[in-house]
Amino acid sequence: MSDGSIDLKDAARAEAYATPLEEFHVARPALFQADAMWPFFERLRKEDPVHFSKGDEETGPYWSITRYEDIMTVDTTHQVFSSDAHLGGITIRNFDEDFVLPMFIAMDQPKHDIQRKTVSPIVSPTNLAKLEGIIRERVQRILDSLPIDEPFDWVDRVSIELTTQMLATLFDFPWEERRKLTRWSDIATASPESGIIESEEARRAELMECLGYFTNLWNERVNLTEPGNDLISMLAHGEATRDMPPMEYLGNIILLIVGGNDTTRNSITGGLYALSKNPQEEAKLRADPSLIPNMVSEIIRWQTPLAHMRRTALADYELNGKTIKKGDKVVMWYVSGNRDDTVIENADQFIIDRPQARRHLSFGFGIHRCVGNRLAEMQLKIVWEEVLKRFPKIEVLEEPKRVYSTFVKGYERMMVRIPERI
Ligand code: HEM
């Protein structure tokens, strides 16, 4: 075989089927960075769908839930499967005990619901309708500024820029300083091995800078008699949130930054990558742009921008023949459930006119289902509508560089070239 990347995938498949199940440990960032985790999940779904792993120093022991239906069960049984930050939170890597950032994604009832309701108006149908025009105008401006017939990084010039502009709008954040949001989003989920930060101390120092910055914005807005229609004003004036301790404010800010940033960013890149790998799907799209909304759901399934969410069991629980014990760490691998072909036909394939394309796990289910799901879909729809109006072709020049993480499934860089404008 001449292509190195194919060799790597073959090696991963061989390893996945040669390793005894009791030694399986899929939650290794290097596996995700090499995009080599698929055969491990395929085997788990077939042979041991609720799987216990000893893990390593970074993860500790954990259960892997890999089938679509079992993931739904865990995600919708919040009375047993807790998201509480003090029990570890919502990613496989525990919150550090001395640096817990409370945020409503990492809270249980009743506090979760109360805080969620405070920020939900930002994505009400009326607000989304207002945002649509602003997003379209920004997408148009970004796409019109791209170089023609010259290589550039799609991640930086389009995906990051667009999602950062969106976030700056939601927070009414100082425009010229908006890349600070990108940086805070990146460091919030980065581990010291990722190369994004030097050390855990450096990460915390930057997060405290973020808190300082947002505290100034809070103070500017809290005494206004006419509260603004942005997320900071909503938190500063919300009955359930206006007396939040500083670390809880920071936690919720980070949640909204990461929630709205990494995920949509990686779907914008993932969509272009998927089309470049599937020219027949691109041909379908160009022949019939009314497929865009369906394609957007397919992109979000295929990409699965957050590979997992984690819970902690509050009681013993029987799942698919296994007993999960009180206190155990439980990882719902959305990335695997979205490729479960007992529920989703030809799940490994990217099919833009797939029936029931929105039936994917990428937004989660139950009380924590993504608040921003309609906003994310709208952004992606507009991107593709505007791309089709401008560019007959976008060439992906090389394999993208992927993120070193088992949580954020995404891209650091993807070089492309646009040969010409329409
Ligand atoms: C929650 C994915 C875009 C804000 C979540 C969850 C997932 C997710 C998996 C947790 C679900 C669960 O535990 O059951 C995604 C994906 C997106 C996206 C794949 C884009 C394609 C956004 C955007 C925003 C956002 C644009 C910004 C407003 C949130 C918030 C939560 C959340 C605030 C916490 C909800 C809660 O705990 O009740 N998202 N998200 N997300 N997302 Fe998103």
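This text gives an overview of the structure that appears in the document. (Residues numbered from 1 in each chain as written. Predicted model: local features only at pLDDT ≥ 70, side-chain atom pairs only at ≥ 80, totals over all residues. Heavy atoms only, no water.)

Grouped together as the largest cluster of nonpolar side chains are 111 residues, with contacts concentrated most on Trp154, Phe171, Phe214 and Trp384. For this core, the element with the most residues is helix α11 (residues 246-277), which contributes 13 residues. Dropping the residues within four chain positions of it, Trp154 is found in contact with Leu146, Ser159, Ile268, Thr269, Leu272, Val387, Ile394, Met414 and Val416. Among the nonpolar cores identified, the runner-up in size contains 19 residues, and Phe24, Leu31, Ala307 and Val331 belong to it. (Core = buried A, V, L, I, M, F, W, Y, C linked by side-chain atoms within 4.5 Å. Buried < 20%, exposed > 50% of the residue type's maximum accessible area, 1.4 Å probe, protein only. Helix = DSSP H or I, 4+ residues; strand = E, 2+ residues; numbered from the N terminus. Contact = heavy atoms within 4.5 Å.)

The end-to-end C-alpha distance of helix α7 (residues 154-171), which contains 18 residues, comes to 25 Å, matching closely the 26 Å that a straight helix rising 1.5 Å per residue would cover. Along its length, α7 reaches its greatest deviation from straightness, about 30 degrees, at Ile160. Summarising burial for α7: 15 of the 18 residues are buried, a large majority. The positive-phi residue at the C-terminal boundary of α7 is Asp172, with phi of around 50 degrees. (Expected span 1.5 Å × (residues − 1). Bend = angle between axes of the 7 residues up to and from the residue.)

Inspection of the coordination sphere of the iron atom of the ligand shows a single protein donor, Cys370 (SG), at 2.3 Å. Note that Cys370 resides in the loop between α14 (334-337) and α15 (373-390). (Donors = N, O, S within 2.8 Å, 3.2 Å for Na, K, Ca; no water.)

So, on to empty space enclosed by the protein. What the rule picks out here adds up to 4 cavities of 30 Å³ or more. Its boundaries defined by the atoms lining it, the largest cavity holds a volume of some 70 Å³. Taken together, Phe32, Asp35, Met37, Gln303, Arg402, Val403, Ser405, Val408, Lys409 and Gly410 make up the lining of the largest cavity. Residues belonging to the lining of the largest cavity are distributed by class as follows: 4 nonpolar, 3 polar and 3 charged. (1 Å grid on protein atoms, 1.4 Å probe; cavity = no way out; pocket = protein on both sides within 12 Å on 5 of 7 lines; lining within 4 Å. Points joined across faces, edges and corners; volume = space filled by probe spheres on them. Nonpolar A, V, L, I, M, F, W, Y, C, P; charged D, E, K, R; others polar.)

On to the layout of surface pockets, then. Quantified by volume, the second largest pocket comes out at close to 660 Å³. If you go around the second largest pocket, you meet 26 residues; those closest to its centre are Lys9, Asp35, Trp38, Trp302 and Arg339. Elements that contribute at least two residues to the lining of the second largest pocket include exactly α1 (4-18), α3 (38-47), α11, α12 (279-287) and α13 (292-303). For the lining of the second largest pocket, a count of residues per class yields 9 nonpolar, 5 polar and 12 charged.

A few words now on the site of the ligand. Within the structure, the ligand sits among 28 residues, and His112, Arg116, Arg311, His368 and Cys370 are positioned closest to it. A distance of 3.3 Å separates an oxygen atom of the ligand from a polar backbone atom of Phe365. Of all the elements in the fold, those that place two or more residues in the shell around the ligand are α5 (111-119), α11 and β5 (308-313). Counting residues per element, the shell around the ligand draws most heavily on α11, which supplies 7 residues. (Near = heavy atom within 4 Å. Polar contact = N/O pair within 3.5 Å; in protein donor to acceptor, adjacent residues only side chain to side chain.)

The next subject is the environment of Arg138. Of note, Arg138 is situated in helix α6 (residues 125-144). A distance of 2.3 Å separates polar atoms of two side chains, one belonging to Arg138 and the other to Thr169.

With mixed pairing, the 5 strands of this open sheet are ordered in space as β1-β2-β8-β5-β3. Looking at strand neighbours, the two that pair on one side only are β1 (50-53) and β3 (81-82), the edges of this open sheet. Packed onto the sheet, helix α4 (residues 68-76) meets β1, β2 (62-65), β3, β5 and β8 (329-333) and runs at close to 130 degrees relative to β8. (Pairing = 2+ DSSP bridges. Axes fitted to C-alpha atoms, helices over the stretch in contact; angles between N-to-C directions.)

Right, let's talk about the packing of aromatic side chains for a bit. What the rule picks out here adds up to 16 aromatic pairs. Centroid distance Phe171 to Phe214: 5.3 Å. Interplanar angle 70 degrees. Geometry classified as edge-to-face. Of this pair, Phe171 sits in helix α7 while Phe214 sits in helix α9 (residues 200-222), and the two are 43 residues apart along the sequence. Since its relative accessible area comes to 1%, Phe214 is described here as buried. On the numbers, 6.1 Å between centres and 55 degrees between planes, the contact of Tyr273 with Tyr411 is tilted. Taken as a pair, Tyr273 in helix α11 and Tyr411 in strand β11 (residues 411-413) lie far apart in primary sequence, 138 residues in all. Accessibility assignment for this pair places Tyr273 and Tyr411 in one class, buried. Taken together, Phe171, Phe173, Trp184, Tyr213 and Phe214 form an aromatic cluster joined through their ring pairs. Between the NZ or CZ atom of Arg339 and the centre of the ring of Trp38, over which it lies, the distance is 4.0 Å. (Phe/Tyr/Trp six-rings, centres within 6.5 Å; stacked < 30°, edge-to-face > 60°. Lys NZ or Arg CZ within 6 Å of the ring centre and 35° of its normal.)

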